Amino acid sequence: MKILVEMAIKLKQNRGIKTKAATVLRQCDRQIAVTSLRPIVEEYAAILSLACGVGVQTIAQSFENKLVIPANNTKFIGMQDRELGKFYELCSACGECILFETGGICPITRCGKSLLNGPCGGQALGKCEVGGWKKDCAWVLIYNRLKEKNMLHYFMRFQEPRDFRMRQGPREMGGE
Amino acid sequence: MPKQVYSELMKSIVEGKFTFTGEIEPVKTTDLHEVIETAKTLNGHVVAANITDNPTAFAYMNSLIPSYVIQREVGLEAVYQMVTRDRNRLALTSDLLAAGYLGIKNVLALSGDHTTVGDNPGAKPVFDLDSTGLLYLIRKMVDEGVDLAGNKIDNPPKFHVGVAAALGADPIEPELLKIERKVKIGVDYIQTQAAYDVDVAKRFLKLTKHLDVPTLIGIAPLKSIPMLDWMVKFVPGIVIPKDFQDRLRKAKEKGGKEAIFQENVEFFGEFVKEIKATTHAAGIHIMAIGFEWIVPKIIERAGLKAIG
């Protein structure tokens, strides 16, 4: 990345801008970010953060006099499957987890409509209408999983409408 | 069966009459002339007509006003379709209250096709409630006179609530359990999605017989060969028997548009006849958007009298 940035600067302006690369163990941890970056950032005007949006904001908040630039367009918090070279969004941090009742498959995140009592009519052959029937229908996955585990009574349970205060941002936790 | 009957639709079903309903689609216009004309075409042939709510996620005129207008102007009872895709529980509650005032008697509770398949694909999908949640809200309003949060409603509305069923869903088991869950909450009738295979409809009726809920089987005549091709190509899960497809294509070659219409009348006339004769279905919901005049012809071909 450092090389790429240097190249870009040279190609565009050739003004000999100084760059330096550093790794922060966890950019979302304010203490760690500050401790590892403070000795380095002094002589630089800008920080290009390769973290997700949380890391970028932590850095921006920790070094208010620096220009902090996000290197990524954060899409989602997901799981990586190295074999397939893909990332999957699995959790929306909704604050009302029902994963036990849904066989460890999150309908809030993995159902295109976030249905609580699915599937809907957009399901066909186990695939979802969102994106043109390529992705799995979460509710068919849930049904199959619960059936395997002999837990279909959980499928039958009516999930009442959620309390959206649980996911009302900006959320805070801890302290006091 | 509901304890009390509020609507002509429910009355027809409860009295055991083989019941027909139609469908009217308001579009992207401020003019209701066509909706009224369509209602006139259907009136006297169907007991009630569904008014669609932004079908396939296209932004059209809302379904409440046309529901009211066909009742007032034409005297045709409406089934007010409501999807949860575009409105949160506040807006749904508020529209249901307005519907109560406007004399709406039937509501079909749906989730709605996803925004991404519609004509404003970048829209934010709401889905604060799902279709089961909307059913639950309506039950609370009608049966308990409260909203979802338990707040009291003065002069609560009286609606019958229908739910949709994907009768040809594959796999069908989760769909059946979903319907069963809705029935436990309180469903007045089921209306299925379009069936093209009479055996699929029969299988569904058999699989849901134990639920003891009146069921209207949905049919959607195919207006043209491009429409047929589109259904076959882009709507997985909808099984259109090869035989019917061939019949439509042959008809088109021989006699063009008119022959296609006639083939629909033949096919669905027979379909309706067989459902009536061999199943416990409460009736048929006919979706013939853009050629509603075919509805009475299908009913007639089935050897049935329109409403009486």
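What counts as what
Residues numbered from 1 in each chain as written. Chains lettered and ligands numbered in written order. Predicted model: local features only at pLDDT ≥ 70, side-chain atom pairs only at ≥ 80, totals over all residues. Helix = DSSP H or I, 4+ residues; strand = E, 2+ residues; numbered from the N terminus. Rg over C-alpha atoms; globule rule 2.2 N^0.38 Å. Buried ≥ 20, exposed ≤ 12 C-beta atoms within 10 Å, placed from the backbone. Contact = placed C-beta atoms within 7 Å. Nonpolar A, V, L, I, M, F, W, Y, C, P; charged D, E, K, R; others polar. Pairing = 2+ DSSP bridges. Axes fitted to C-alpha atoms, helices over the stretch in contact; angles between N-to-C directions. Core = buried A, V, L, I, M, F, W, Y, C linked by C-beta atoms within 7 Å. pLDDT = per-residue confidence, 0-100. Expected span 1.5 Å × (residues − 1). Arc of directions from axis to C-beta. Domains from an automatic or database assignment. Parallel < 35°, antiparallel > 145°, perpendicular 65-115°, else oblique.

### Some points on the overall build of chain A
Part 1: Helices and strands together make up the secondary structure of chain A, namely six helices and six strands.
Part 2: Each helix (α) and strand (β) of chain A, taken in turn from the N terminus, gives the series α-α-β-α-β-β-β-α-β-β-α-α.
Part 3: Against the globule reference of 16 Å for 176 residues, chain A gives a C-alpha radius of gyration of 22 Å, more extended than a compact globule.
Part 4: If one aligns the C-alpha atoms of chain A with their principal axes, the spans along those axes are about 65 × 45 × 25 Å.
Part 5: A total of 176 residues make up chain A; the buried ones form 23% of that total.

### Quick word on the overall build of chain B
Part 1: When its secondary structure is counted, chain B shows ten helices and eight strands.
Part 2: The globule rule puts the C-alpha radius of gyration for 308 residues at 19 Å, and the 19 Å found for chain B is close to it.
Part 3: Based on the C-alpha atoms only, the size of chain B along its principal axes is roughly 60 × 40 × 40 Å.
Part 4: Within chain B, buried positions represent 49% of all 308 residues.
Part 5: Here the analysis covers contacts within chain B between residues at least 6 apart in sequence; of these, 77% occur between residues at least 24 apart.

### Observations regarding the interface of chain A and chain B
Part 1: Every contact between the two is made by 25 residues of chain A and, on the other side, 29 residues of chain B.
Part 2: The residue inventory of the side of chain A that touches chain B, partitioned by class, reads 15 nonpolar, eight polar and two charged.

### Regarding the pairing of strand S3 (residues 78-81) of chain A
Successive residues of a regular strand alternate their side chains across the two faces of the sheet.
Residue and element names in this part refer to chain A.
Part 1: Relative to strand S4 (residues 86-89), S3 runs antiparallel, the two being bridged by four bridges. Within the sheet, the bridge partner assigned to Asp81 lies in S4 and is Lys86.
Part 2: Linking S3 back to S4 in an antiparallel pair, the connection comprises four residues, with Gly85 at a positive phi of about 65°.

### A few points about the sheet that holds strand S6 (residues 189-194) of chain B
Part 1: Sheet architecture is closed into a barrel: eight strands sit in the order S1-S2-S3-S4-S5-S6-S7-S8 (chain B), paired in parallel fashion. Neighbour-to-neighbour, the strand axes of this sheet turn through a mean angle of 25°, independent of strand direction.

### Here's the deal with the environment of Leu205(B)
All names here are of chain B.
Part 1: Tracing the backbone through its elements, the reader meets Leu205 in helix H7 (residues 198-208).
Part 2: Expressed as a C-alpha distance, the spacing of Leu205 and Ile289, which sit 84 residues apart in the sequence, is 25 Å.
Part 3: What Leu205 contacts, discounting residues up to four positions off in sequence, is Thr215, Thr279, His280 and Ala281.

### Concerning the nonpolar core
Part 1: Among the nonpolar cores identified, the biggest contains 84 residues, and Ala49(B), Ala109(B) and Ile138(B) are the most heavily contacted of them.
Part 2: Here this core takes nine residues from helix H9 (residues 242-278) of chain B, the largest share from any one element.
Part 3: Excluding anything up to four places from it in sequence, Ile138(B) contacts Leu96(B), Val107(B), Ala109(B), Phe159(B) and Val161(B).
Part 4: Membership of the second largest hydrophobic core comes to 16 residues, among which are Cys120(A), Trp139(A), Ile142(A) and Tyr143(A).

### Considering the confidence of the model for chain B
Part 1: Summarising the model, chain B shows a mean pLDDT of 96, and 98% of its residues fall at 70 or more.
Part 2: Taken over the whole predicted complex, pTM reads 0.94, whereas the ipTM for its chain interfaces reads 0.94.

### Side note on the environment of Trp139(A)
Part 1: Structurally, the position occupied by Trp139(A) is in helix H5 (residues 138-148).
Part 2: Assessed through the 27 C-beta atoms surrounding it within 10 Å, Trp139(A) is described here as buried.
Part 3: Residues contacting Trp139(A), with those up to four places away along its chain left out, are Pro107(A), Cys111(A), Leu115(A), Gly118(A), Pro119(A), Gln123(A) and Pro174(B).

### Quick notes on unusual backbone geometry
Part 1: Cis geometry is found at the peptide bond from Gly118(A) to Pro119(A), where omega equals 0°.
Part 2: Examined against the element boundaries, Pro119(A) turns out to sit in the loop between helix H4 (107-110) and strand S5 (123-124).
Part 3: One non-glycine residue with positive phi stands out, namely Phe127(B), at about 45°.
Part 4: Residue placement: Phe127(B) occurs in the loop between strand S4 (106-110) and helix H5 (131-144).
Part 5: Since 25 C-beta atoms lie within 10 Å of it, Phe127(B) is described here as buried.

### Description of helix H6 (residues 173-186) of chain B
Part 1: Compared with the 20 Å implied by 1.5 Å per residue over 14 residues, the 20 Å span of H6(B) between its first and last C-alpha is a close match.
Part 2: Within the sequence span of H6(B), burial applies to Pro174(B), Glu175(B), Lys178(B), Ile179(B) and Lys182(B). When H6(B) is viewed along its axis, its buried side chains cluster within an angular range of 140° and face the same direction.
Part 3: Summarising the contacts, the buried residues of H6(B) are in contact with H5 of chain A together with H5, strand S5 (160-165), S6 and H7 of chain B.

### A few points about the domain arrangement of chain A
Part 1: On domain assignment, one finds that chain A holds domain 1 (2-70) and domain 2 (78-160).
Part 2: Between domain 1 of chain A and domain 2 of chain A, the C-alpha centre-to-centre distance is 38 Å.

### Some points on the packing of H5(B) against H6(B)
Residues and elements named next belong to chain B.
Part 1: Remark: H5 packs on H6, axes separated minimally by 10 Å, with the N-to-C direction vectors making an angle of 10°. Judged by the inter-axis angle, H5 sits roughly parallel to H6. Listed contacts from H6 to Thr132, Leu135, Tyr136 and Arg139 of H5 are Arg181, Lys182, Ile185 and Gly186.
Part 2: Tallied by class, the residues present in the contact of H5 with H6 amount to three nonpolar, two polar and three charged.

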